[in-house]
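A closer look at the structure
The primary structure of each chain is shown beneath.
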Amino acid sequence: LQDLRATALEVLRGNDLGDVTRPSPTLYPHQWLWDSCFIAIGLRHVDPARAAAEVLSLLRGQWPNGMIPHVIFAEVDDFYHAGPQRWRCDRYVVTASGAQSTGITQPPMIAEAAVRVGEMLDPKARIDFYRALLPGLIRFHEFLHTERDPDDEGLVTLVHSWESGMDNTPPWMEATLPITPRRVKVLRRLGTAEALDALRRDAKEVPAEERLTSADLFTLYRVVRELRRSCYSFRNIRETEVPLVQDVAFNAILVRANDHLVEIAAEAGVKLPKRLTRSMRRCREAMEQLWSQSTYFSRDFRTGELLRHETVGGFLPLYAGVVPEERIDGLVKAMTSPRYWPRYGVASVPADDPAFLPRCYWQGPVWVNINWLLADGLERYGRLEAARELRANVLNLISSSGQMFEYYSPLDGTGAGSNSFSWTAALLLDLLA
Ligand code: DGY
């Protein structure tokens, strides 16, 4: 385990860009929102001040409307397939630091990271850190609850699957398909996947079958184009065909983040706006609308229909702490059954799903961050044995490959996707602590 720890530290050092950490040296050369949060959760064990800086650095990208973007572009020349020229956000807004960014957000893990980092700081440093973070963090949560919940339904709506963080998760891809560009439809019909592959450059580092398909990727680019044409304003976006999803995992993470925000504000002696605390309560209550029979689902904002494709996202209400006690054992049973947990931790899609691909991104693999969130939820519900076992499995998964992969096959534990992946390294440090 000492070797593993050393490998993790090396990965984080190698991905350190000074004040921020990139997710991986090749595929992801900039700063990603939820990546930086998980990274800070690990870094706090090594260098709490640097971990606090990682969290605070996210405010550099904040938009005037409060949004914190999913990617803040670093001043590097490395190739990235969805770089500033795809978004052209500088035409519409200037971010807090003038840095270039994407025009969408990502799961709001900031408050969780802040509390975890805060635990490692002495009281004075913690209060200073919280006070520096709070104005921006409050504005971010306000943005989510207002701009993204314009009809006051309690749930926050996402405008791109990249906002969910689970890019090609089946319910999102199904919701996004209707917007597939004609060119891609034709190529898809002709079966010329190779033609599409030739047009992309991101699948060169890792085998193409471990990434989303080119057809799916082009569909996601198409959504970006629509967002750009809508000037990234929800009022305009809702008039387009862009998929609008009240994502279960995102909202679950937000509910937990809201609880942490209350804690942070109380400790810093800052009063939260009344309207925000009302939205927080409504969001928690509205999670119930995503429950159906035996799991939670995301919901289509326009039709109000649940997107009934089961994924690991359906378990994240455990992390949110919104699941009534009488449902817990059923959810835990489903999550620990061989469908989801064949051996190496909870898969992103159950193994008996026709869409299941054990090494393909969010269509099957085990992700360390999601398992970390699930273990945290299990623990707070007093399911200590399940939480312990899940953490031990994840540790075992990483140590059997000896490397920090982006994700792992739930069937044989082999690593896939990008190697030298920061949040795997960071969360390993946290699991070992
Ligand atoms: C990518 O680069 O494909 C990312 O997943 C988008 O966040």
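Further up the page is the structure itself.
Anyway, here's the lowdown on the structure attached to this text.

Time to look at the packing of helix α6 (residues 123–146) against helix α14 (residues 274–286). Contact geometry for α6 and α14: axes closest at 10 Å, N-to-C directions at 55 degrees. Taken together, α6 and α14 sit at an angle that is classed as oblique. Two packed elements cross with a definite hand, and for α6 against α14 that hand is left-handed. Across the interface between the two elements, Ile138, His141, Glu142, His145 and Thr146 from α6 touch Arg275, Leu276, Ser279, Met280 and Cys283 from α14. For the contact of α6 with α14, the residue count by class is four nonpolar, four polar and two charged.

This brings us to helix α5 (residues 110–118). Most of α5 sits out of view: nine of its nine residues are buried. The set of residues buried in α5 consists of Ile110, Ala111, Glu112, Ala113, Ala114, Val115, Arg116, Val117 and Gly118. Of the surrounding elements, those touching the buried residues of α5 are α2 (33–43), α3 (48–56), α6, α13 (248–268), α15 (317–320) and α17 (368–380).

We now examine the sheet that holds strand β3 (residues 245–246). The three strands are arranged β3-β6-β7 in an open sheet whose pairing can be described as antiparallel. What marks the edges here is a single partner per strand, and that holds for β3 and β7 (306–307). Examined bridge by bridge, strand β6 (residues 298–300) and β7 share two bridges and lie antiparallel to one another. Within the sheet, the bridge partner assigned to Arg299 lies in β7 and is Leu306.

How each quantity is defined
- Note that residues are indexed from 1 along each chain, following the sequence as it is written.
- Given that the model is predicted, a residue must reach a pLDDT of at least 70 before its local features are reported, and side-chain atom pairs must reach 80 or more before they are shown or counted; all residues, however, enter totals for whole chains, interfaces and linings.
- Side-chain calculation: all heavy atoms of the structure are included, whereas hydrogens and water are not.
- All axes are obtained by fitting lines to C-alpha atoms, using only the stretch in contact for helices, and the reported angles, taken between N-to-C directions, cover 0 to 180 degrees.
- Working definition: helices are DSSP H or I runs of at least four residues, strands are E runs of at least two. Numbering for both runs from the N terminus.
- The labels follow the angle: roughly parallel below 35 degrees, roughly antiparallel above 145, roughly perpendicular from 65 to 115, and oblique for the rest.
- Rotating anticlockwise by less than a right angle from the far helix to the near helix defines a left-handed crossing, while the corresponding clockwise rotation defines a right-handed one.
- We call two residues in contact when some of their heavy atoms are within 4.5 Å.
- Under the scheme applied, nonpolar residues are Ala, Val, Leu, Ile, Met, Phe, Trp, Tyr, Cys and Pro; charged residues are Asp, Glu, Lys and Arg; polar residues are all the others, including Gly.
- The buried label applies to any residue whose accessible area, calculated with a 1.4 Å probe on protein chains only, is under 20% of its type's maximum; exposed applies above 50%, and partly exposed to all values in between.
- Here, any two strands with at least 2 DSSP bridges between them count as paired.

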